[in-house]
Amino acid sequence: MIELPDVRIPANLPEPDADARAHGLQVQAMLLDRIRAAGGWLPFESWMQAALYAPGLGYYSAGSTKLHRDGDFTTAPETSPLFGQALAAQVAQILQASGSRTVLEFGAGSGALAAALIPALQALGIAADYRILELSADLRARQQERLAPWGDQVQWLDALPEAFDGCVLANEVLDAMPVSLFRWNGQGGLDALGVEHDARPDAASPFAWAARPADPGTAATIAARMPPLPGYQSDINLQAEAWVRDLGRWLRRGAAVLIDYGFPQAEYYHPQRLRGTLMCHFRHHAHDQALVLAGLQDITAHVDFTAMADAALEGGLDVMGYTSQARFLMNAGLTDLIQAPGIDPAQRARQMAALNTLLSEAEMGELFKVLAVGRGLDGPLLGFARGDRRDRL
C-alpha cells in the first residue's frame, strides 16, 4: 500500500493577517460545499479550479495583491521593463510578417508587460492595437488604471476572438491552468488524486488527499508518456493542452509566443522527479503544500512543452521555435539594450541586476522556456535564431 502525501503547514511560512484568515475561511467553506456536492471526493483539477478562480473567492478572483514585492511572486515583466523591450523585437517581426498591428495578451497580470511593450513597439514604428483577455476582474481593473495613458489603443476582451491575425502572448499563463494529479499504484495501475474533507480537529487543513482509479482515457494518455513507476506522482495539464490545441481554430495568420517555466517531456517525467511539479507561492515563499491556505496562495505546475507542441500540431499549427528564456532574450537583443547611451550609473546597475535575474541559469534564464507556434509566416523567428531546441521536444 503506497501512502498518500501528508498535508502540513510548511515551516517558516508567514502568518496570514486577520483579513486573509477570514477570507480563507470563506474559501474553505465553498470548497467543502463542492466536495459534498461531488459525493465526498473532488478531483484535484476541480479543486484547483475553484481555489484559484471561483468568482469573488478564488485566488485570482479576489482582491489581494499578488504580484511583485508586496505580493506572492514576481514575474519577468515586473522584474524589469527590459523584458518587454526585448520581446518587442520578436513581436514586431510577427506583426510585420502577418500583416497585422494587433497583439493579444492573455493573463496580463499587473499590466507591466503591456506598459513596456507598447512604447517599445512605437519606437520600432508600430502603433499596436493591444488586446487583453483577463479572467480576473480585480487584475483587469489594475491593468486599466496602469494602461490608461494609451487610451483606446488598449482594449479588453470578454471572450476569445472567432478569428485572429497578429501576435498572441501568454507569459506565465499555462502554469496557472488547473492540472490533474496522478500516482502509479503498487499494482501497475494509475490512480487519480483528489481531495476529501479531513474532519480531524488537529488537522493542518480541512482537506486531505484521496485516490481513486484514473479514468481510462487519462490513464492511456499518461501511460503513453511515461513508464509505470510504483509510487511515482506527477501532474498533467489537459486544460492547457486543450487551450493550445484550440489556438489552431482561431489563429489564422501569426504566431503565439508562450513563455513559462517547464521542461520537455523526457525531463518532465524523469524518474527522479518523484513528486511532480506542483508548487505554491505565498508572500514569496515557495512550497509544495497545495491543500493549505486555500484561496490565499498561488498554485501552479510546470509546463510539459512537448505536450504543448504536440497540441499545437494537432490544432493545425506549426511549431516555430523552442528555447530557453535566456537564449530567446539574447537573440531578441536584450544585452544591446543596456548598452544604450545616456543611461546613468544607478540605472545601469539596476539594469545589470535585472539582466542577471532574466538570463542567469540560477534564476529565470534556464528554467523558463519560450515556445512559438503559429501559421502562415515565412522565415525563421528572430528569438530562435541561435539555440533552437525543437529537436529536444
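Residues numbered from 1 in each chain as written. Predicted model: local features only at pLDDT ≥ 70, side-chain atom pairs only at ≥ 80, totals over all residues. Heavy atoms only, no water.

Peer 1: Quick one: what's the story with the packing of aromatic side chains, residue by residue and with numbers?
Peer 2: The way to describe two aromatic rings as a pair is by their centre distance and the angle between their planes. Taken as a whole, this structure holds 14 aromatic pairs when the rule is applied. Taking the centre distance of 6.1 Å and the plane angle of 75 degrees together, the rings of F164 and W250 count as edge-to-face. Of this pair, F164 sits in strand β5 (residues 164-171) while W250 sits in helix α8 (residues 238-250); the two residues are 86 residues apart in sequence, bridging distant segments of the chain. Grouping residues by exposure puts F164 and W250 together as buried. Grouped by ring-pair contacts, the aromatic residues F44, W47, F207 and W209 constitute a single cluster. Taking the ring centre of F263 as reference, the NZ or CZ of R273 above it sits at 4.1 Å. (Phe/Tyr/Trp six-rings, centres within 6.5 Å; stacked < 30°, edge-to-face > 60°. Helix = DSSP H or I, 4+ residues; strand = E, 2+ residues; numbered from the N terminus. Buried < 20%, exposed > 50% of the residue type's maximum accessible area, 1.4 Å probe, protein only. Lys NZ or Arg CZ within 6 Å of the ring centre and 35° of its normal.)

Peer 1: Let's hear about the pattern of salt bridges: which residues, and what values?
Peer 2: Scanning all chains against the criterion turns up 14 salt bridges. A salt bridge links R142 to D138, with the nearest nitrogen and oxygen atoms 3.1 Å apart. Of this pair, R142 and D138 both sit in helix α6 (residues 137-146), 4 residues apart, roughly one helical turn. Residue R142 is classed as partly exposed on the basis of its relative accessible area of 28%. One salt bridge connects R140 with D158, and the closest N-O pair in it is separated by 2.9 Å. One end of the pair, R140, is in helix α6; the other, D158, is in the loop between β4 (154-157) and β5, and 18 residues separate them in sequence. When its relative accessible area of 69% is taken as the criterion, D158 is described as exposed. Put simply, E162, D246 and R249 are held in one network by salt bridges that share partners. (Salt bridge = Lys/Arg side-chain N within 4 Å of Asp/Glu carboxyl O.)

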